[in-house]
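What follows is the residue order along each chain.
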Amino acid sequence: MRKIFLGGFLLIGLFIAAFLFLLKGCLSQYDERYSLSSLLYFERGDSAVVFSIVGFEETTSYSRSGGITRKSMKTSYHVQSNDARSGRKLSAKRIKDHSDISHHPVETLGSAHQRAWLFAGELMAFDPFSLRLLADKEKLVELNPGLRHILPDERRFYYFNEADGHIYFTASDGSAWQLNTLSLKATPSTFEPGSSSYKTALDQLSRLQQKNREAQDSLFRQYTKSKVLSAGGTKAVELRRIQTAFAQQRDALYRTRDSLQALQSSLRRLESEESQLRNTIRNLRGTAPGFSQMKINQDTLGGKWYGLYAHTEMERLPVRLQFQASYDETARRQLHIANLDLLRDGEPGIDKDGALPAAGYFLQGGFLLNKKTARPIRLAGKGGWLVVFKDRIGNEGRIVLARLDLSGKTVWQLETGLKDWADWICTPERLMITGTDNPKLSSSQSNLLLIVDLSNGRPTRYDFFDDK
């Protein structure tokens, strides 16, 4: 009797286990897994990895009615590393549930000292190879007790500076700090994110201009006084000497004034270009910046100008260099090569009359930008560029990638199958791309990691969605 009783319990247990297994199998078909935010790339010895944040939406229940499926999801966030050559998943680690995070977004910030920095409701850092947690709010407060009650919990108060690899933040009391990403020590800071690198030079120039104006005023006062004295009987010879000396000093001050004004104009132009470049970089770092923002139509190299333009665009193009994108979605562009000339003001310009088009057309084509510099990616080895263009006009057009050499010849061409790219990183050997080709996901949820060998254009694919 006891054996029958135990056997019954065992049978019930097996039935429950089988039921739960089948239920989990039914629910898992509605699970969603995707990459979030920007990729980070790391090399260590012979190893190279791509670090990403992965969102996992696990289905807890679902129902169907009238052809519509309704489901309840539980979202968690993971950090993951993939081999940067094969795309193969190396490791993954769950870091937080959606309910654990009060302030969004969850995103990567940058890389420094072989650490991957991200924000997930708090500042965090991981070893990209082992995925070991290296820093979080608790650790930072432990090393910096003064931040215990003022470390901000919102992403918008943190700024990762690519130039020095440190993180700058505004504490909850309004004080400004720099976090050393190597020592994890925080110190007060006067750094202003987005400030002009030309500010000091312009301030010094402004002081020189003020001194020049003061010198002019002093000279004219002295000359006026000399004229008054001459009316009282100064000899004509002495008056001519005064007038000559005045004219010489005045002309010298005017030349200095003009030189300072020209220098100021040049610095203002450079400051404007820097500001525009900074804004472009900020837009590129956002998720899925859009096809028109990921490319540019001009580059200069070795005294030559290279431009991707249609014939009508070339006719309207000014000879002065303007590193801006063209937006005509029907333009079939060719690579034009011309010499650089000097314009009357000494600035470089394009010898449009001598511009020669190379073979090949690129619909909406442009040079792919480096996201860190907002300048065209220039390839190592034999040189050249990566060009992105569309396979057709309209919203259904997919992005095509091509490598061009310095003569304009297409070395290889690859259809990516993606309407937009969420992110891309270029190394001397490979281009890593994320995007969405799964209709179940939104454009901010990337399922595809595409790794392209730059020597031959061969792609390797990894699908976050299918790797459950």
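Please refer to the structure higher up on the page.
Reference entry: report on the structure contained in this document. (Residues numbered from 1 in each chain as written. Predicted model: local features only at pLDDT ≥ 70, side-chain atom pairs only at ≥ 80, totals over all residues. Heavy atoms only, no water.)

Some remarks on the sheet that holds strand 22 (residues 399-404)
As a general point, the strands of a sheet are linked pairwise by backbone hydrogen bonds and lie either parallel or antiparallel.
Then, number 1: Spatially, five strands are ordered 13-20-21-22-23 in an open sheet, and the strand pairing comes out antiparallel. Since the sheet does not close on itself, it has two edges, and those belong to strand 13 (295-296) and strand 23 (410-415), each with one partner.
Then, number 2: Pairing of strand 13 with strand 20 (residues 366-368) involves two bridges; the strand directions are antiparallel. In the sheet register, Ile296 faces strand 20, and the bridge partner there is Phe367. (Pairing = 2+ DSSP bridges. Helix = DSSP H or I, 4+ residues; strand = E, 2+ residues; numbered from the N terminus.)

Quick notes on empty space enclosed by the protein
Then, number 1: Tallied over the full model, the rule gives one cavity of 30 Å³ or more.
Then, number 2: In this structure, the largest cavity spans a volume of roughly 30 Å³.
Then, number 3: A breakdown of the residues in the lining of the largest cavity according to their chemical character gives seven nonpolar, one polar and no charged. (1 Å grid on protein atoms, 1.4 Å probe; cavity = no way out; pocket = protein on both sides within 12 Å on 5 of 7 lines; lining within 4 Å. Points joined across faces, edges and corners; volume = space filled by probe spheres on them. Nonpolar A, V, L, I, M, F, W, Y, C, P; charged D, E, K, R; others polar.)

Details of the side chain of Gln209
Then, number 1: Secondary-structure assignment places Gln209 in helix 3 (residues 199-231).
Then, number 2: The class of Gln209 is buried, set by a relative accessible area of 11%.
Then, number 3: Leaving out residues up to four positions away in the same chain, Gln209 has contacts with Leu260, Gln261 and Gln264. (Buried < 20%, exposed > 50% of the residue type's maximum accessible area, 1.4 Å probe, protein only. Contact = heavy atoms within 4.5 Å.)

Some remarks on the layout of surface pockets
Then, number 1: The computed volume of the largest pocket comes to approximately 1200 Å³.
Then, number 2: Contributing to the lining of the largest pocket are 41 residues, with Phe160, Glu162, Ile281, Arg285 and Lys371 lying nearest its centre.
Then, number 3: Elements with a contribution of two residues or more to the lining of the largest pocket: strand 1 (32-44), strand 5 (107-112), strand 9 (158-161), helix 4 (236-285) and strand 24 (423-426).
Then, number 4: Per element, the largest residue contribution to the lining of the largest pocket is six residues, and it comes from helix 4.
Then, number 5: Looking at the lining of the largest pocket residue by residue, the class counts come to 17 nonpolar, 13 polar and 11 charged.
Then, number 6: What the second largest pocket holds in volume is close to 670 Å³.
Then, number 7: Forming the boundary of the second largest pocket are 23 residues, of which Gln276, Gln322, Phe323, Gln324 and Arg375 lie nearest the centre.

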